[in-house]
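Topology and contacts: notes
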Amino acid sequence: MSEKWLKEHENLEKLLQKANQSLSERAKYPKSSSNYNKISNQIKNQLGKIEIIINGLERDLDENNGSKLTYLEKNRRTNMLNKLRTSLKQIDQGLKGDGPSQKDSLLVDFEAFNSQPIETEETLNLNSEQLTVQHEKIIQSQDRGLETLSHVVQNQKRIATTIGSEVDRQNDLIDSMGDKMDNLNERLIKETRNTRVIMHKSGTCGLWMIVLILLIAIIIIAAIPI
């Protein structure tokens, strides 16, 4: 539900931008022309649909998402809706001709839905159509930045995967060395035990040889006449 809410909010921003572009397009025609009236009706329909969707997002935020979101996140999304309503009001006033100028409406959008239009050196000499073009360039630049960031994240993920694989390989080598050391230790213990047995047997055999030599010597001495 949260992902759907954010996606619908993103679509609303695009619809508002499209309505702004339509308002700029309408300014090219005389007020008495059929094209002017046609575009005005199209914008009215667009704004009506946008307001319905905004109300739906507000209900979802209060009834469903609100219980699953943190306090800060809910406030953030509430502010997002307020900015959409501010932009909607600006466009509606520009449509009726009794509110801010078309250029001011675009400036509100340009300043991230700021409630007060702000002229800068970059926008001072631009008309509504030029501001729309500038908006599109900014959006394209942001898209390129996001794409670059996505590539960087993917590259970091590949590096992390490679490092993880190397760590696993080194762990396998360490485990293998540990097994070999255990086998070697067992062999050393076994060989040490065998050596002790051999040494013990060798010592016993030497004693019997000495006893045998002494016995032969006594027999020889006894056989010699005095």
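Shown above is the structure to which this text applies.
Values in this document were obtained by computation on a predicted structure and should not be read as measured data. Residue positions within a chain follow its written sequence, with the count starting from 1. This being a predicted model, a pLDDT of at least 70 is required before a residue's local features are given, and a value of 80 or more before pairs of side-chain atoms are given or counted; all residues contribute to the totals for chains, interfaces and linings. With hydrogens and water stripped out, all remaining heavy atoms of the structure feed into the side-chain values.

Points about the overall build of the protein
Only DSSP runs of H or I with at least four residues qualify as helices, and only runs of E with at least two residues qualify as strands; both kinds are numbered from the N terminus onward. Secondary structure assignment for the protein yields five helices and zero strands. Contacts are assigned to residue pairs with any non-hydrogen atoms lying within 4.5 Å of each other. Relative to all contacts within the protein whose residues are 6 or more apart in sequence, the contacts with residues 24 or more apart total 66%. On the protein, roughly 16600 Å² of surface is accessible, and the fraction owed to carbon and sulfur atoms is 58%. With residues, only the protein chains shown are counted as cover, and all accessible areas are computed by Shrake-Rupley using a 1.4 Å probe.

Details of the pattern of salt bridges
Side chains that carry opposite charge are capable of pairing whenever their charged atoms lie near each other. One side-chain nitrogen of Lys or Arg within 4 Å of one carboxyl oxygen of Asp or Glu is enough to make a salt bridge. Counted under the stated rule, the structure contains seven salt bridges. Between glutamate 73 and arginine 76 there is a salt bridge, with the nearest N and O atoms lying 2.8 Å from each other. With a gap of three residues between them, glutamate 73 and arginine 76 both fall in helix α3 (residues 71-96), about one helical turn apart. For the exposure calls, accessible area comes from a 1.4 Å probe over protein chains only, and a residue counts as buried if that area is under 20% of its type's maximum, exposed if over 50%, partly exposed in between. Relative accessible area serves as the criterion here: at 19%, glutamate 73 is assigned to the buried category. You can call arginine 76 partly exposed: its relative accessible area is 39%. One salt-bridge network, in which partners are shared between bridges, spans Glu73, Arg76 and Arg77.

Considering helix α1 (residues 2-26)
Think of an α-helix as 3.6 residues a turn; residues three or four steps apart then line up on the same face. What a helix is expected to span follows from its residue count: subtract one and scale by 1.5 Å. Compared with an ideal rise of 1.5 Å per residue, which puts 25 residues at 36 Å, α1 spans 36 Å between its outermost C-alpha atoms and is within 8% of the ideal. Regarding α1, the residues found buried are Trp5, His9, Leu12, Leu16, Gln17, Ala19, Asn20, Ser22, Leu23, Ser24 and Arg26.

A look at a negative patch on the surface
On the surface, a cluster of negative charge is contributed by Asp168, Asp172, Asp175, Asp179, Asp182 and Glu186. One can find aspartate 172 in helix α5 (residues 128-223). Judged by its relative accessible area of 53%, aspartate 172 falls in the exposed class. Patch members must show over 30% relative accessible area and no salt bridge, and they are joined within 9 Å when carrying like charges or within 5 Å when they are nonpolar side chains of Val, Leu, Ile, Met, Phe, Trp or Tyr. The charged-residue count follows a simple rule in which Lys and Arg add positive charge and Asp and Glu add negative charge, with His and chain termini not counted at all. Lys charges are placed at NZ, Arg charges at CZ, Asp charges at CG and Glu charges at CD.

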